[in-house]
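Examining the three-dimensional arrangement
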Amino acid sequence: QVQLAESGGGSVQAGGSLRLSCAASGRTFSSYVMGWFRQAPGKEREFVASISKSAVYTRYADSAKGRFTISRANARNTVYLQMNSLKPEDTAVYYCAAAPRDSFHYTSADTSEYDYWGQGTQVTVSS
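What you see is a predicted model; the values in this text were computed from it and never measured. (Residues numbered from 1 in each chain as written. Predicted model: local features only at pLDDT ≥ 70, side-chain atom pairs only at ≥ 80, totals over all residues. Heavy atoms only, no water.)

Describing the pairing of strand β4 (residues 32-39)
The two faces of the sheet receive side chains in turn, since in a regular strand these alternate between them. With 7 of 8 residues buried, β4 is to be regarded as a mostly interior element. Note that β4 and strand β9 (residues 92-100) share 8 bridges and pair antiparallel. Counterpart to Met34 in the pairing with β9 is Ala98. Note that β4 and strand β5 (residues 46-51) share 5 bridges and pair antiparallel. Directly across from Arg38, in β5, lies its bridge partner Glu46. Between β4 and β5, which pair antiparallel one after the other, the connecting turn spans 6 residues, and Gly42 there sits at a positive phi close to 75 degrees. (Buried < 20%, exposed > 50% of the residue type's maximum accessible area, 1.4 Å probe, protein only. Helix = DSSP H or I, 4+ residues; strand = E, 2+ residues; numbered from the N terminus. Pairing = 2+ DSSP bridges.)

Quick look at the structure:
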């Protein structure tokens, strides 16, 4: 299994940017599909972005498309979420997640596909 730790959250004004980082333990990081999810108060956890093992394929929620970019640096065991043009509705706790898969093409928007989760980092966007 893998241990995940998010960082980079904070408070910004609408239109601002943040970059979240997720550091993973172990030497098996490249074997995992990675994803970012978020959960706002009183709401279910929702998909934000996913990236394949090779970083060739990505998938985004409609709410994130065009504003957020997921990337990974396998040599550093780190996945990133660059968030631009932030909106108040982006306010949530953001979670990094990992899914062990054999396919190099695999990305997933489903929380049930992910086996490992970080503790989350708070992102607050004010208007």
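Alright, that's what it looks like, and here's the rest.
Comments concerning the nonpolar core
If you look at the biggest cluster of nonpolar residues, it comprises 29 residues, and the most contacted ones within it are Met34, Trp36, Val79, Leu81, Met83 and Tyr94. Elements supplying a minimum of two residues to this core: β3 (18-24), β4, β5, β7 (68-73), β8 (78-83), β9 and β11 (121-126). (Core = buried A, V, L, I, M, F, W, Y, C linked by side-chain atoms within 4.5 Å.)

Overview of unusual backbone geometry
One non-glycine residue with positive phi stands out, namely Ala55, at about 75 degrees. With respect to the helices, strands and loops of the structure, Ala55 is situated in the loop between β5 and β6 (58-60). Overall, Ala55 belongs to the partly exposed group, its relative accessible area being 32%.

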